[in-house]
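# A structural walkthrough
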Amino acid sequence: MRKNNFIQSRGQFLENSLGRVPRRKKVHDFLNETIGYLFPILSFFDNEDEEISLDDILVLLKEILESYDSGVRDTKELILQFKEELPKIYETLIKDATAIYEGDPAAKSIEEVIISYPGFYAILVYRIAHVLNNLSVTIIPRMLTEFSHSKTGIDIHAHAKIGESFCIDHGTGIVIGETTEIGKHVKIYQGVTLGALSVSKSLGGKKRHPSIEDHTVIYAGSTILGGETIIGHHSTIGGNVWLTQSVAPHSVVLNQAKIHLRNNQQEQKDRIDFVI
């Protein structure tokens, strides 16, 4: 009896879902081809024999949009708008890659950043997803950023607003929420959360995440919460800081943890051994 209920419920869910979501493989193919078109160096090193065609990308996007309830009224017009946005996406991404290169002493070239840095990959996918989000496409933008999230450990919501010359250093564990606004020339290290004070469903659509103004640096492990929280321009937020209130421009915010140091030659009885 329980098995029959499961089969019936599963079948009903599948039937209701058909036409409401696109196929994941098609969406991933679209992403990979768009990335390869913007940066042929990436498709070249993936052993693609031929240069990726813009027309093929647009045809694939059209097929995806027409395969489900995408929320798009005029697919032809949207395709043209997306095509017009691609050069702008590229120009912004070059500025992002340059900011990462200039901000990381370990980076040897912009090509190295583009082909190997997870922070750049996460920004690249976000910029594509953000354009589709602004064109009112449903589901696909979130699929793209979550695909990037699974590969990089960097979670950027497609609806967030992020200015040019954005630098993510290392990046693992970064969370940038839906209504976050980030200015130009901002640098963020691993483990940073730009989140909401409350996760109540009733707050959907409201400004729940912080605003980070131009030329701000946020160091590893910091958490900044709240839609009314504004980090003023040219500020530095130190590691492991917890902020739920605004700070003025040119601020330096530090977490002053107490660290106890002890001479290694102390008596054996003073040692603390941890066994896990």
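Below, the structure is looked at part by part. (Residues numbered from 1 in each chain as written. Predicted model: local features only at pLDDT ≥ 70, side-chain atom pairs only at ≥ 80, totals over all residues. Heavy atoms only, no water.)

### Observations concerning the sheet that holds strand β9 (residues 217-218)
Read from one edge to the other, the open sheet built from five strands follows the order β3-β6-β9-β12-β14, with strand pairing classed as parallel. Of all the strands in the sheet, the pair left with one neighbour each is β3 (167-169) and β14 (252-253). In this structure, β3 lies alongside strand β6 (residues 187-189), joined through three bridges in parallel fashion. Bridge assignment links Asp169 to a residue of β6, and that residue is Tyr189. (Pairing = 2+ DSSP bridges. Helix = DSSP H or I, 4+ residues; strand = E, 2+ residues; numbered from the N terminus.)

### Here's the deal with the nonpolar core
When a protein is soluble and globular, its nonpolar side chains tend to lie buried together. Counting residues in hydrophobic clusters, the biggest one holds 71 residues, and the most contacted among them are Phe82, Phe120 and Leu144. Sorting the residues of this core by element identifies α2 (24-38), α4 (54-65), α5 (75-103), α6 (110-116), α7 (118-134), α8 (140-152) and β3 as the ones contributing at least two each. Among the elements that take part in this core, α7 stands out by supplying 11 residues, more than any other. (Core = buried A, V, L, I, M, F, W, Y, C linked by side-chain atoms within 4.5 Å. Buried < 20%, exposed > 50% of the residue type's maximum accessible area, 1.4 Å probe, protein only.)

### Description of the sheet that holds strand β13 (residues 242-243)
Reading across the sheet, the five strands line up as β1-β4-β7-β10-β13 and stay open at both edges, with parallel pairing between neighbours. The strands lining the two open edges of the sheet, one partner per strand, are β1 (155-156) and β13. Across three bridges, the pairing between strand β7 (residues 193-195) and strand β10 (residues 223-225) is parallel. Bridge assignment links Gly195 to a residue of β10, and that residue is Leu225.

### Description of the packing of aromatic side chains
Within the structure shown, the criterion is met by four aromatic pairs. Each ring, one from Phe39 and one from Tyr90, has its centre 5.4 Å from the other, and the planes form 40 degrees; the classification is tilted. Of the two residues, Phe39 sits in the loop between α2 and α3 (40-44) while Tyr90 sits in helix α5, which places them 51 residues apart along the sequence. In this structure Tyr90 comes out as partly exposed when scored by relative accessible area, which is 35%. Taking the relative accessible area as the measure of exposure, Phe39 reaches 4% and is therefore buried. (Phe/Tyr/Trp six-rings, centres within 6.5 Å; stacked < 30°, edge-to-face > 60°.)

### Points about the packing of α2 against α8
With their axes 10 Å apart at the nearest point, α2 and α8 run at an angle of 70 degrees to one another. Between α2 and α8, the crossing angle belongs to the class labelled roughly perpendicular. Residues Arg24, Val27, His28, Phe30, Leu31 and Asn32 of α2 touch α8, and the partners they reach there are Ile140, Met143, Leu144 and Phe147. Split by residue class, the contact of α2 with α8 holds seven nonpolar, two polar and one charged. (Axes fitted to C-alpha atoms, helices over the stretch in contact; angles between N-to-C directions. Parallel < 35°, antiparallel > 145°, perpendicular 65-115°, else oblique. Contact = heavy atoms within 4.5 Å. Nonpolar A, V, L, I, M, F, W, Y, C, P; charged D, E, K, R; others polar.)

### A word on the packing of α2 against α4
Any two packed helices are characterised by the angle at which their axes cross and by the distance between the axes. Between α2 and α4, whose axes approach to 10 Å, the crossing angle comes to 155 degrees. Classed by the angle they form, the pair α2 and α4 counts as roughly antiparallel. By crossing handedness, the relation of α2 to α4 is classed as left-handed. Together, Lys26, Val27, Asp29, Phe30, Glu33, Thr34 and Tyr37 of α2 and Leu54, Asp56, Ile57, Leu60, Leu61, Glu63 and Ile64 of α4 make up the contact between the two elements. Within the contact of α2 with α4, the residues separate by chemical class into eight nonpolar, one polar and five charged. (Left-handed = near helix turned anticlockwise from the far one by under 90°.)

### Comments concerning the pattern of salt bridges
Using the criterion set out here, one finds nine salt bridges in the structure. As a salt-bridge pair, Asp96 and Arg127 come within 2.8 Å of each other at their nearest N and O atoms. Here the residue Asp96 occupies a position in helix α5, and Arg127 occupies one in helix α7, the gap between them amounting to 31 residues. We note that Asp96, like Arg127, is buried. The shortest N-O distance in the salt bridge between Glu178 and Arg208 comes to 2.8 Å. Taken as a pair, Glu178 in the loop between β4 (175-176) and β5 (181-182) and Arg208 in the loop between β7 and β8 (211-212) lie far apart in primary sequence, 30 residues in all. (Salt bridge = Lys/Arg side-chain N within 4 Å of Asp/Glu carboxyl O.)

### Notes on the environment of Thr180
Summarising the element assignment, Thr180 is placed in the loop between β4 and β5. For Thr180, a relative accessible area of 1% gives the class buried. The sequence separation of Thr180 and Ile212 amounts to 32 residues, and the corresponding C-alpha distance is 7.9 Å. Other than its neighbours up to four places away in sequence, Thr180 contacts Ala160, Lys161, Leu194, His209 and Pro210. A distance of 3.0 Å separates the side chain of Thr180 from the backbone oxygen of Gly177, its partner in a polar contact. (Polar contact = N/O pair within 3.5 Å; in protein donor to acceptor, adjacent residues only side chain to side chain.)

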